[in-house]
Each structure stands twice: as structure tokens, then as C-alpha cells.
Amino acid sequence: MSEVTNNTARSRYEISVDGAVAGYSQYVMKDGAVVFTHTEIDMDYEGQGLGSKLVRGMLADVRERGLKMVPQCPFVKEYVKKHPEYADLRA
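Residues numbered from 1 in each chain as written. Predicted model: local features only at pLDDT ≥ 70, side-chain atom pairs only at ≥ 80, totals over all residues. Heavy atoms only, no water.

Enquirer: Sorry, what's going on with helix α2 (residues 74-82) here?
Expert: Along an α-helix, residues three or four apart share an orientation, since each turn contains 3.6 residues. If you check which residues of α2 are buried, you get V76, Y79 and V80. Along the axis of α2, the buried residues cluster in a sector spanning 95 degrees; they form a single face. What points out from α2, more than 90 degrees from its buried face, is the exposed set P74, K81 and K82. Residues of α2 that are buried sit in contact with β3 (20-30), β4 (33-41), α1 (50-64) and β5 (68-71). (Buried < 20%, exposed > 50% of the residue type's maximum accessible area, 1.4 Å probe, protein only. Helix = DSSP H or I, 4+ residues; strand = E, 2+ residues; numbered from the N terminus. Arc of directions from axis to C-beta. Contact = heavy atoms within 4.5 Å.)

Enquirer: Please explain the pairing of strand β1 (residues 2-7) as it appears in this structure.
Expert: Look at any regular strand and the pattern is simple: side chains alternate between the two faces of the sheet. Bridge analysis of β1 against strand β2 (residues 12-17) gives six bridges, and the strand direction is antiparallel. Bridged to E3 within β2 is S16. Between β1 and β2, which pair antiparallel one after the other, the connecting turn spans four residues, and S11 there sits at a positive phi close to 55 degrees. (Pairing = 2+ DSSP bridges.)

Enquirer: What should I look at first to understand the sheet that holds β4 in this one?
Expert: Each strand in a sheet pairs with another by means of backbone hydrogen bonds, the pair being arranged parallel or else antiparallel. Taken together, the five strands give an open sheet; going across it, the order is β1-β2-β3-β4-β5, and neighbouring strands pair in mixed fashion. Each edge of the sheet is formed by a strand with only one pairing partner; in this case those strands are β1 and β5. Going from strand to strand, the sheet's axes swing by 30 degrees on average, the running direction of each strand aside. Pairing geometry for β4 and β5, over four bridges, is parallel. Of the residues in β5, the one forming a bridge with V35 is V70. In the packing of α1 onto the sheet, the strands contacted are β1, β2, β3, β4 and β5, and the crossing angle to β2 comes to about 130 degrees. (Axes fitted to C-alpha atoms, helices over the stretch in contact; angles between N-to-C directions.)

Enquirer: Explanation requested: the pattern of salt bridges in the structure shown.
Expert: Pairing between side chains becomes possible if they bear opposite charge and their charged atoms approach one another. Inspection of the entire model under this criterion finds three salt bridges. A salt bridge links E14 to R12; its shortest N-O distance comes to 2.8 Å. As far as the burial class goes, E14 and R12 line up, both buried. Across the pair R63 and D88 runs a salt bridge, and its minimum N-O distance is 2.5 Å. In this pair, R63 is assigned in helix α1 and D88 in the segment after α2, connecting sequence segments 25 residues apart. What makes R63 partly exposed here is its relative accessible area of 36%. Exposure remark for D88: the relative accessible area of 43% places this residue in the partly exposed category. (Salt bridge = Lys/Arg side-chain N within 4 Å of Asp/Glu carboxyl O.)

In C-alpha cells, the structure reads:
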């Protein structure tokens with residue numbers, strides 16, 4: 001089972017599988033927006049859809065916290081482009 005958490009100490013959202021970190025998306029806060037800069041899934045976990053699960057989880061958190069986001073990371077940018085239901089989160 002996978003879980004997405006915000007590791008504020010490391011400024012990144014992480015996705016864990018059975019307690020092991022399988023990937024993350026690095027961010028910086030700028031002008032009240034979460035700027036996603038880099039997303040990476042460990043090679044051992046590639047091809048399982050974890051990147052998409054990670055992005056869904058972090059965008060849900062951004063929305064729940066009433067923030068906006070800037071998708072600088074190509075993976076996040078492409079995900080948002082394919083899922084217009086997140087367009088309102090763009091800063």
C-alpha cells in the first residue's frame with residue numbers, strides 16, 4: 001500500500017510503499033505557492049503508477065491547505081496539463 005506525505009523538514013512530498021520511500025517531489029515555497037521543482041521515483045518502483053499517485057496526493061494537499069502551485073518540474077507540469085481539474089491550483 002502506498003502513502004503520500006509532506007516531509008516539510010526536507011521540503012518534499014514523499015510516496016512510501018510498505019514504509020519505504022519509493023519517490024519524492026521536491027518543492028520550494030514562493031509567494032504563498034508551492035513550486036514543484038523535481039520529481040523522482042526510485043528505479044525499483046518504476047512502472048507502478050507511483051508518480052501519478054504522488055502528484056495526485058500532493059495536489060490534493062495543496063488544495064486542502066488553500067495554496068496555489070507552480071509546476072516547474074516537467075512531470076508535474078505534464079500531469080496538470082493532462083488533468084484540467086487541477087488547473088485552478090496554478091499560481
